[in-house]
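Read off the chains here:
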Amino acid sequence: MSRVTARRRMRRISPSGQIQRPDTLAVEEPLEIRIDGQSLTVTMRTPGSDIDLVHGFLLSEDVIGSAEDIVAARYCAGTDDQGRNTYNVLDVTLRTPVPVSTRSFLTTGACGLCGKTALDEVRKRTRFPLSAAGPVVDTRVLAAMPGMLRDRQSVFEATGGLHAAGLFTTDGQALAVREDIGRHNAVDKVIGWALRESRVPAHDLVLIVSGRASFELVQKAVMAGIPMLGAVSAPSSLAVDLAADAGLSLIGFLRGDTMNVYTVPERLRTDPGADSLLA
């Protein structure tokens, strides 16, 4: 299996002078996903947890609804110049065949559609609609989750070049944390883990991401039945629209003891003196 980091030489320039030395970088390699031998898509990712990534991707694109829908997932053809397997091609055998040539992806399809059409498409396809009630999370517990996520980013610590996603229980236990060069891949990896652990629909879990909250990440959370998404940075306007439409609690700028709650604040429990923040 390819390593998740690589060494490259670089020149460091600073007020004290210049030095040349090797630097540790995050690996970025293509992963071709095939279904029954037919190419479905190629994603650029950091190698590792590829089986989870594929499960999460296929769930969020409504190709599968459970882990049992996949009969087998195996690496196949794909070699480097020295004839070694690159582990960059993964072939999935489905219990019920899907015509690959007619697949339209929810995420990429939304890029060329108006906001309302994109929202309608996710609403139509999700198998796990969110309950109006849902879990309640203490804001102090939620505020601690990004720090717990950061503490588990071992490859980011070495490279500074990876996103992370984590699934947490409502009382703050970290269940799964994954890193990747692409934030969408990191989310697919943790959702795929949940799917293979029979935790989907994930109506009792919280998804935390290290960067911004895009439409794509909210879409993946909704498709997995995750009721709450917290992001360290800002959400996009369409992400907020989709969260409101689907009934997902979306929190941005989750840093320290402050946060911006954009949708469904009823799932957050605060100290009595902080209630005005959620008004």
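As the structure is a prediction and not an experimental result, all values here were calculated from the model.

Peer 1: Outline the packing of aromatic side chains, listing residues and values.
Peer 2: Scanning the model with the defined rule gives one aromatic pair in all. A ring pair is formed by Tyr75 and Tyr87, whose centres lie 5.1 Å apart and whose planes are at 90°; its orientation type is edge-to-face. Linking Tyr75 in strand β5 (residues 70-75) with Tyr87 in the loop between β5 and β6 (89-94), this pair joins segments that are twelve residues apart in sequence. You can call Tyr75 partly exposed: its relative accessible area is 25%. When its relative accessible area of 28% is taken as the criterion, Tyr87 is described as partly exposed.

Peer 1: Give a detailed account of the packing of helix α6 (residues 183-196) against helix α7 (residues 215-223), specifying residues and quantitative values.
Peer 2: Running from N to C, α6 and α7 point in directions that differ by 10°, and their axes come no closer than 10 Å. With respect to α7, the axis of α6 lies roughly parallel. Note on element contacts: α7 touches α6 through Glu216, Leu217, Lys220 and Ala221, opposite Arg183, His184, Val187, Asp188 and Ile191. The class makeup of the residues in the contact of α6 with α7 is four nonpolar, one polar and four charged.

Peer 1: I'd like a rundown of the environment of Ser60, residues and numbers included.
Peer 2: Structurally, Ser60 is set in helix α1 (residues 50-60). A residue is classified by how much of its surface remains accessible, and Ser60, at 1% relative accessible area, is buried. As for Ser60 and Arg127, which are separated by 67 residues in sequence, their C-alpha atoms are 10.0 Å apart. A distance of 3.0 Å separates the side chain of Ser60 from the backbone oxygen of Phe57, its partner in a polar contact.

Peer 1: Give a description of the sheet that holds strand β3 (residues 29-35) that names residues and reports values.
Peer 2: Taken together, four strands build an open sheet; the order of strands is β4-β3-β6-β5 and the sheet is mixed. In this open sheet, the two edge strands, each paired with only one partner strand, are β4 (38-45) and β5. Taking each pair of neighbouring strands and ignoring which way they run, the sheet shows an average axis angle of 20°. Bridge count between β5 and β6: five bridges; the pairing is antiparallel. Note on β6: the bridge partner recorded for Arg74 is Asp91.

Peer 1: Which residues make up the sheet that holds strand β12 (residues 249-255), and what values do they have?
Peer 2: Strand pairs in the sheet, formed through backbone hydrogen bonds, run parallel or antiparallel to each other. Taken together, six strands build an open sheet; the order of strands is β9-β8-β10-β11-β12-β13 and the sheet is mixed. Only two strands of the sheet have a single neighbouring strand rather than two, namely β9 (174-180) and β13 (258-261). In this sheet, adjacent strand axes meet at a mean angle of 20° when their direction is disregarded. Direction of pairing for β12 relative to β13: antiparallel, over a ladder of three bridges.

Cut-offs and rules
Residues numbered from 1 in each chain as written. Predicted model: local features only at pLDDT ≥ 70, side-chain atom pairs only at ≥ 80, totals over all residues. Heavy atoms only, no water. Phe/Tyr/Trp six-rings, centres within 6.5 Å; stacked < 30°, edge-to-face > 60°. Helix = DSSP H or I, 4+ residues; strand = E, 2+ residues; numbered from the N terminus. Buried < 20%, exposed > 50% of the residue type's maximum accessible area, 1.4 Å probe, protein only. Axes fitted to C-alpha atoms, helices over the stretch in contact; angles between N-to-C directions. Parallel < 35°, antiparallel > 145°, perpendicular 65-115°, else oblique. Contact = heavy atoms within 4.5 Å. Nonpolar A, V, L, I, M, F, W, Y, C, P; charged D, E, K, R; others polar. Polar contact = N/O pair within 3.5 Å; in protein donor to acceptor, adjacent residues only side chain to side chain. Pairing = 2+ DSSP bridges.

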